[in-house]
Amino acid sequence: MADWFAARGWRPRRHQWDMLAEGRAGRHALLVATTGAGKTLAGFLPTLTELIEIPTEGLHTLYVSPLKALAVDIQRNLITPVEEMGLDIRVETRTGDTPSDRKARQRVKPPQILLTTPESLSLLLSYPDSLTMFAGLRTIVVDEVHAFATGKRGDLLSLCMARLQRIAPAMRRVALSATVADADGYRAWLAPDGDIDTVSLIQGEPGADPDITILLPEDRIPWAGHSGRYAAAQVMKVIEENRTSIVFCNTRSLAELIFQDLWKANDKGLPIGVHHGSLALEARRKVEGAMADGKLRALVATASLDLGVDWGDVDCVVQMGAPKGSSRLLQRIGRANHRLDESSKAIVVPGNRFEYLEARAALDAVEAGELDPDLFRPGALDVLAQHVMACACAGPFRQDDLLDEVRSALPYSALTAETFDRVLGFIRDGGYSLRAYDKFKRLVQEADGLWRIAHPKFVAQHRLNAGIIVEATMLNVRFRNGRNLGKVEEGFAATLSHGDTFFFAGLSLEVEKIDTEDLIVRATSRPARIPTYGGSRMPLSTNLADRVRHFLATPSEWDRFPPDVHEWLDMQAARSILPRPDQLLVETFPREGRNYMVAYSFEGWNAHQSLGMLVTRRMETQGLKPLGFVANDYAIACFSAEKITDPASLFSADILEHEFVDWVQQSHLLKRAFREVAVIGGLVERQHPGKRKTGRQVTFSTDLIYDVLRKYEPSHLLLQAAWDDARARMTDVGRLANLLDRAADTMVHVDLPRVSPLAVPVLVLIGREKVSTNAGDDALLIEAEALAAEAMRAD
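Figured I'd write up the structure that's included with this text. (Residues numbered from 1 in each chain as written. Predicted model: local features only at pLDDT ≥ 70, side-chain atom pairs only at ≥ 80, totals over all residues. Heavy atoms only, no water.)

**Quick notes on helix H22 (residues 605-621)**
(1) Moving on: Relative to the 24 Å expected for 17 residues at 1.5 Å per residue, H22 spans 24 Å between its end C-alpha atoms, a close match to the ideal helical length.
(2) Moving on: Burial within H22 is extensive, with 15 of its 17 residues counted as buried.
(3) Moving on: Backbone geometry just after H22 places Gly623 at a positive phi near 75 degrees. (Helix = DSSP H or I, 4+ residues; strand = E, 2+ residues; numbered from the N terminus. Expected span 1.5 Å × (residues − 1). Buried < 20%, exposed > 50% of the residue type's maximum accessible area, 1.4 Å probe, protein only.)

**Concerning the side chain of Asp518**
(1) Moving on: Mapped onto the elements, Asp518 comes out in strand E21 (residues 518-523).
(2) Moving on: Here the side chain of Asp518 touches Asn476 through a polar contact of 3.1 Å, side chain to side chain.
(3) Moving on: For Asp518, the side chain forms a polar contact with the side chain of Arg478, separated by 3.1 Å. (Polar contact = N/O pair within 3.5 Å; in protein donor to acceptor, adjacent residues only side chain to side chain.)

**With respect to the sheet that holds strand E14 (residues 397-398)**
(1) Moving on: Judged by pairing direction, the sheet is antiparallel, and its three strands sit side by side in the order E14-E16-E15 without closing on themselves. Single-partner strands in this sheet number two, and they are E14 and strand E15 (443-445).
(2) Moving on: In this sheet, strand E16 (residues 450-453) lies alongside E15 in antiparallel orientation, the contact comprising three bridges. When the bridges of E16 are listed, Leu443 appears paired with Ile453. (Pairing = 2+ DSSP bridges.)

**Considering the packing of aromatic side chains**
Given two aromatic rings, their pairing is described by the distance between the two centres and the angle made by the two planes.
(1) Moving on: The full count for this structure, using the stated rule, is 14 aromatic pairs.
(2) Moving on: Centroid distance Tyr186 to Phe376: 5.0 Å. Interplanar angle 70 degrees. Geometry classified as edge-to-face. Here Tyr186 is found in helix H9 (residues 183-190), whereas its partner Phe376 is found in the loop between helix H14 (353-367) and helix H15 (381-394), with 190 residues between them in sequence.
(3) Moving on: Taken together, a centroid distance of 6.5 Å and an interplanar angle of 85 degrees make the contact between Trp223 and Trp568 edge-to-face. (Phe/Tyr/Trp six-rings, centres within 6.5 Å; stacked < 30°, edge-to-face > 60°.)

**Things to note about the sheet that holds strand E28 (residues 747-751)**
(1) Moving on: Spatially, five strands are ordered E24-E25-E23-E22-E28 in an open sheet, and the strand pairing comes out mixed. The two strands at the open ends of the sheet, each matched to only one other strand, are strand E24 (626-631) and E28. When strand polarity is set aside, the average angle formed by the axes of neighbouring strands in this sheet is 20 degrees.
(2) Moving on: Pairing geometry for E24 and strand E25 (residues 636-640), over five bridges, is antiparallel. Bridge pairing in E25 places Gly628 opposite Phe639. (Axes fitted to C-alpha atoms, helices over the stretch in contact; angles between N-to-C directions.)

**Describing helix H17 (residues 417-429)**
(1) Moving on: Here H17 spans 18 Å end to end across 13 residues, near enough to the 18 Å set by a 1.5 Å rise per residue.
(2) Moving on: Turning to H17, its buried residues are Thr419, Phe420, Val423, Leu424, Gly425, Phe426, Ile427 and Asp429.
(3) Moving on: Positive backbone phi, approximately 85 degrees, marks Gly430, located one or two places after H17.

**Topic: the nonpolar core**
(1) Moving on: Counting residues in hydrophobic clusters, the biggest one holds 113 residues, and the most contacted among them are Leu121, Phe134, Leu384, Phe651, Phe674 and Leu683.
(2) Moving on: Counting residues per element, this core draws most heavily on H15, at nine residues.
(3) Moving on: Discounting residues that sit within four places of it in the chain, Phe651 has contacts with Met597, Ala599, Leu611, Val615, Leu740, Ala743 and Met747.
(4) Moving on: Core analysis: the second largest hydrophobic core is formed by 67 residues, Ile212, Val317, Phe354 and Phe639 among them. (Core = buried A, V, L, I, M, F, W, Y, C linked by side-chain atoms within 4.5 Å. Contact = heavy atoms within 4.5 Å.)

**Some thoughts on the state of the cysteines**
(1) Moving on: By the definition in use, this model includes zero disulfides.
(2) Moving on: The thiol of Cys391 is unpaired, and the distance to the nearest cysteine sulfur, on Cys160, comes to 8.1 Å.
(3) Moving on: Cys391 gets classed as buried once you look at its relative accessible area, which sits at 3%. (Disulfide = S-S within 2.5 Å.)

None of the figures reported here should be taken as evidence of function without further support.
Rendered as C-alpha cells:
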C-alpha cells in the first residue's frame, strides 16, 4: 500500500491515516472532508489493508451509495488501485441495473467488496441465504450520507444496518460526506442504538478555498425568471475557455432547455452532452463514459450528478439559476478539480435580481463555512412495513425480537409496541376494512408465536415491488368530449379541486374532475387561479433566506451589488420600505383594474404555493373576490376584484386548522400521498411477474382503497403516513406554520398607489403563465420592462 502511494507521488493525508487507525480499532466512524480529499479511498483503506494482511473469501465490505451512477463510478476508481497493487480482491456492483444471472451468482459467491444502493441491499436481506451471505461482513461504508439519511431512503438504510448488525455483530459502520452541518446528528444516525459515543468523528484537512464568481449579463440583470437562460452565449464562452465544464440546472426540463440554448450558441461545434434521471440507462452510461474518457467539453446536468461522480479533468462548474442552498452549491463546486490544494472554479448565473441577492448570500455562506441545516425526523411507517415484509421473506421472526432490532435504528428508536403491532396488523390482513380480501393477508402468526409469510406468492410480490422511490405519473388533460390537450405532472394535478382554473396550451381551463389518470376540464373565460403546473422545485434554504433578508435591511452592504441591483433597492426604500429580518412586509396596490397584495415571506416556492391556495380561499370567504395568485421563493402575490384592507386577517395561524385541512382533503394531494405510501408499504403492486402495471392501474387501485379507508377506517396506518407526507414533504407546512405564527406580530402593511420595485419579479410571473408560444419570451420582456418602468418611477 505504501509503495503504491509512493509510486504515484502521493502521500496519505492525515484523515486517511485516522480512518485506517479507527478501522484497526474496530470503531465506527464518520468522515467529513471536502471533495477531492480522498474520502472514498479513506473509507476503503481499512478494508484493503485487512484483505492484504489476511486474504479472505466471502463478503467483507458493503459500500452503499445513493446513486447507481456513483456505485459504477466508485467501482471504476477502486478497481484501479486494486489492479495496480496486484491484489486478489473482487469488486462488483449490485443495483437495479445489474443482470439477474450476476445477482444470483453474487448471493452464492459474493465478491469481497460489493457496491450497492439502499434498495438493492434491502432486497438482498429478503433472501433466506442472507444470513450466510452477510455472516462474515466486517464493514459497511455509506457514501454521501447527507443525501439520504434524513429521508425515507435513509429510514430504509438504517433498518438494513440494524438487521446486518444482528447478523454480523462485529460489523463496523462508516459514513462519508463533504457537507454535513450537524455532525453529531449523523453520528447518532449511524450508530447502533443511536449511541453517539461509539462513532468517531474524523475531520478532513481543509482544502483550498473555492473560486466562485457571479456571472453578470452584458446589459443588466433581468427582472424575472429563474433559469439564467439569457446568459447562454456567455456560458458557451466559459465552456470554450475551459477543458471540461459541468453546467448544473435545478430541474430536468431546464436542463433540456439549457442544452438546446447552448447548442444554438455553440458556433465552434464543441462536443457537449446532457444528463438527468429521466434519460434511459444506456444514454446516461454513454454520457458518463464520454466524460470519463475526456471526450466532452461540457455536460448539462441536474442533481443526478450532485454526488460523488469523480471526473478529475472537470475544471469549471456553472450553476444556472440560484443554488437554493450553500450545501448544494458546495456539492456542485466539488465536481470541479478533484485536487485538495487547488481551488475549484465555479460560476453562478442568477436568474433575476432576487436571485442575485441569493447567489451573493450563497457565496458568503460558503466563505463563512455555513451549511444548510439537517432536519432529522421519526422514521416513516410505510418504510417500516416494507422492511418487516423483507425480514419475513428471509425467514420467520418473533415480534419482540424484531421490535428490539428495529428500535436499534435511530429513526425508529421511539417506536412504541402499540404502533409496531399496528404495522404487523396491517401486513397481516390490511386492517379491519380490508381483511375480507385474501390479497392483503400477507403474514400469519402461528401457534409457536412466530410470524411467517402467508403464501410463497407474497415473497415474489415483495421482491418485484420493493423500493422507496415512487415515480411520478402524468395525467392527461382533456375535455369531456375526449379531446386531449396534453399532459401535466400528477404532482400539479394533486393540488387541484373542482372549479379551480389554470393555464395550459394557451387556454384558461376549469377543473371538472380528476378521473383516474385524466384531468377533465372545460374552457372558461375566468382568469386562471393556479399559476404553475410543471416540475419539482428545490426549496430555498432557511440559511440563504435569512441572509437575503439581512441584505435588504442593510444598505451598507449594497455597494457590493451591481448598479442595477443597488438602484432597485434604493428605489424600494424611497417608495415603500425594506423589511427588517424579523418583519413580514405586505404591500397592497391597484393595477389595471385589479387589487394586489404582495407578501415578502422568503419561505420558498413550495410553502408559498400552499399559502397561496389557503389565502385565496380565505379571501373568497371574506368576499374579496380573489382572481388568483403567483409565487416565487421570496414572495407571494394575490390579486382580487376587491381591495384588501386588512391583510393580517388573511394570515392568521388558524388557517392551518381550517382552510389547510379542508384544502388537503378536497384536493387530490392526500390521494397522491396515499398512493405513494400504499406502494411503499406493499398494499398495492406496481408489477406482476412479466408485467408492469400502468400508472392508471396503480392510481385506480389506490383510489379505491383510499375511499374505503377514509369512510370506514380513517385511523388506518397508511392514512396516517399519507397525512405525514402531505404535511411535511409536499407543502413545507413547517415553514408555513412558522410564518403564520409570527405574522400577526411582525406584519408591516404598506398601502401604495402603484406597484413597488420589490414586487416586479413576482408580478411578472402572472404574464409568464399566460404565454404558451415561442414568441412568449419577447412578450414577457415587454411586460417586465413596462412593469419595471412603472415601479421605478421616482414620482
